[in-house]
Amino acid sequence: MQNTIQNIDNSAPIGVFDSGIGGTSIWNEINQLLPSENSIYLADSAHAPYGIRSKEEIISLSEKNTKLLLEKGCKIIVVACNTATTNAIKYLRKKYNVPFIGIEPAIKPASLKTKSKVVGILATKGTLSSSLFQETTNHYKEEIEILEQDGTGIVELMEHGKLDSVEMVNLLQLYISPMVEKGMDHLVLGCSHYPYLIPILKKILPVEVKIIDSGFAAAKQTKAILQLNNLLNNSKEIGKHNFYTNGSADVLKQILENRFNVSALDF
Ligand code: DGL
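These numbers were taken from a predicted model, which means no experiment stands behind them. (Residues numbered from 1 in each chain as written. Predicted model: local features only at pLDDT ≥ 70, side-chain atom pairs only at ≥ 80, totals over all residues. Heavy atoms only, no water.)

Caption draft 1: Broad picture of helix α11 (residues 249-260). When the terminal C-alpha atoms of α11 are compared, their 16 Å separation across 12 residues agrees well with the 16 Å that a helix rising 1.5 Å per residue should span. Of all the positions in α11, only Val251, Leu252, Ile255, Leu256 and Phe260 are classed as buried. Seen end-on, α11 carries its buried residues on one side only, within an arc spanning 130 degrees. α11 presents Asp250 and Asn258 as exposed residues on the side facing more than 90 degrees away from its buried surface. (Helix = DSSP H or I, 4+ residues; strand = E, 2+ residues; numbered from the N terminus. Expected span 1.5 Å × (residues − 1). Buried < 20%, exposed > 50% of the residue type's maximum accessible area, 1.4 Å probe, protein only. Arc of directions from axis to C-beta.)

Caption draft 2: Molecular detail of unusual backbone geometry. Of note, the amide linkage connecting Ala48 to Pro49 takes the cis form, showing an omega dihedral of 0 degrees. Here Pro49 is to be found in the loop between β2 (39-43) and α2 (55-71). Unusually for a residue other than glycine, Lys117 sits at a positive phi of about 65 degrees. Considering the arrangement of structural elements, one finds Lys117 in the loop between α4 (107-113) and β5 (118-123). Phi at Asn230 is positive, roughly 55 degrees, even though this residue is not glycine. Mapped onto the secondary structure, Asn230 falls in the loop between α10 (215-228) and β9 (241-245). For Asn230, a relative accessible area of 62% gives the class exposed.

Caption draft 3: Representation of the pairing of strand β7 (residues 186-190) in the model. By the criterion of burial, β7 is predominantly enclosed, with five of the five residues buried. Side chains of β7 alternate between two faces, with His186, Val188 and Gly190 and Leu187 and Leu189 buried alike. Sheet topology note: the β5/β7 ladder contains five bridges and is parallel. Bridge pairing links Val119 to His186 in β7. As defined by bridge partners, β7 adjoins strand β8 (residues 210-212) across three bridges and the pair is classed as parallel. By the bridge assignment for β8, Leu187 is matched with Ile211. In the classification by handedness, the crossover that spans β7, the intervening helix α9 (residues 198-204) and the parallel β8 is right-handed. (Pairing = 2+ DSSP bridges. Right-handed = clockwise from strand over helix to strand, strands pointing away.)

Structure, rendered in structure tokens:
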């Protein structure tokens, strides 16, 4: 295990990474819950999508992101990507002596709430094929039917600034309609890019189908782990945030400024 962080300062930033812009949905939940915390967000958009890559590639990219955030002095790493969490977090936790927060599709709350006993999961191919995801779903498969849908193409459209496009509506319709026909009453969003699709999904889905994502749970977990390690920032000031991307700064800016009214950020 590499001891990368010693004498951690409470005001050190929270490091957040994703394969692209999607993890900003998790960053936003954390920022809402912990407004005094500083943060550094890393969008590895040049290598998106992770979902079509091999486990080895996902581990190697996740490690590169982790190293970068640790070099910048982060006190905790939020893997704001289901694909990276399900494929790489075990490896990262073993190798780096810093707390890691991961995100996984929220199957448990969906399984507790479903009445039709049919739950749909929209996630990347990399998440659905991971052993961590398979282990989790196997646990629920005796009680509920789980419909897995691979969302190939969605991340690509978003990373090219085509979130609100006809192509996106058509693709979502193609993926969602068969699950609705099979009686799904809860749709689990298993990718941090997907919460941005909620306005479109609400137009496509029947009103009785509920959408579940893991953003708030990840933020709560971040708070709990910071608390446990005495790492919460006690400052009364509003946190400072830096955003880095190796892809299009415009696409990242657009999502932050349009959705969260965040401006004057460092890129
Ligand atoms: N936001 C990533 C996730 O949560 C997208 C993965 C990808 O790049 O395919 O899975």
